[in-house]
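# Working through the structure, step by step
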Amino acid sequence: MWYKEFSNFLINIGFKRYKTDKCLFGKYDKNNKLICLLILYVDDILIKGKDSEINYTINKLKVKYKISKESKANKIIGINIIKTNDGYKINQVDYINKI
């Protein structure tokens, strides 16, 4: 029930749900370039993208839902997130080094 409501909310504010992973949502500009990515993991949300889109999304979320903590993420579920000049890169170097 929660997922369906939340998913519909995101779609209503311009996100598209990925068919390959139902917890991954993308928002695209008029040129079909990805401008914002949202990952839902149980009750955690990770948003990456253009600052203006992140702020827009967070403000919309705050109107509808109670947000307990806002912070910048560099890692989620063992995946490192690195901002580059070209966008973002992800890796699991910590996991690889561990095994």
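Now for a look at the structure at hand. None of the values given here were measured: they were computed from a predicted structure.

Scanning the entire structure with this criterion turns up three aromatic pairs. Where F6 meets F9, the ring centres are 6.5 Å apart and the plane angle is 35 degrees; that geometry is what we call tilted. Linking F6 with F9, this pair stays in helix α1 (residues 2–12), spanning three residues, or about one helical turn. The same class applies to F6 as to F9, namely buried. With a centroid separation of 5.5 Å and an interplanar angle of 90 degrees, the aromatic rings of F9 and Y65 are classed as edge-to-face. Taken together, the residues span a long stretch of sequence, with F9 in helix α1 and Y65 in the loop between α2 (51–64) and β5 (75–76) at a distance of 56 residues. With respect to class, F9 is no different from Y65; both count as buried.

Within the open sheet, the four strands sit side by side as β1-β2-β3-β4. Their pairing is antiparallel. Of all the strands in the sheet, just β1 (16–17) and β4 (44–49) have a single pairing partner and so form its edges. Direction of pairing for strand β3 (residues 34–41) relative to β4: antiparallel, over a ladder of six bridges. Residue L40 lies in a different strand from β4, and its bridge partner there is I45. α1 rests against β1, β2 (24–28), β3 and β4 of the sheet, and its axis sits at about 170 degrees to β3. The strands that α2 touches are β2, β3 and β4; relative to β4, the one it contacts most, it runs at about 150 degrees.

The next subject is the sheet that holds strand β7 (residues 87–91). Taken together, three strands build an open sheet; the order of strands is β5-β6-β7 and the sheet is antiparallel. Where the open sheet ends on each side, the last strands, each with one partner, are β5 and β7. As paired strands, β5 and strand β6 (residues 79–84) are joined by two bridges and run antiparallel to one another. Across the sheet, I76 pairs through a bridge with I79, a residue of β6.

What follows is about α1. Along α1, the residues classified as buried are F6, S7, F9 and L10. An end-on view of α1 places all buried positions within 160 degrees of arc, on one side of the element. For α1, exposure combined with an orientation more than 90 degrees from the buried face picks out K4 and N12. On its buried face, α1 is in contact with β1, β2, β3, β4 and α2. Once α1 finishes, G14 follows within two positions and takes phi at roughly 105 degrees, a positive value.

About the criteria used
Residues numbered from 1 in each chain as written. Predicted model: local features only at pLDDT ≥ 70, side-chain atom pairs only at ≥ 80, totals over all residues. Heavy atoms only, no water. Phe/Tyr/Trp six-rings, centres within 6.5 Å; stacked < 30°, edge-to-face > 60°. Helix = DSSP H or I, 4+ residues; strand = E, 2+ residues; numbered from the N terminus. Buried < 20%, exposed > 50% of the residue type's maximum accessible area, 1.4 Å probe, protein only. Pairing = 2+ DSSP bridges. Contact = heavy atoms within 4.5 Å. Axes fitted to C-alpha atoms, helices over the stretch in contact; angles between N-to-C directions. Arc of directions from axis to C-beta.

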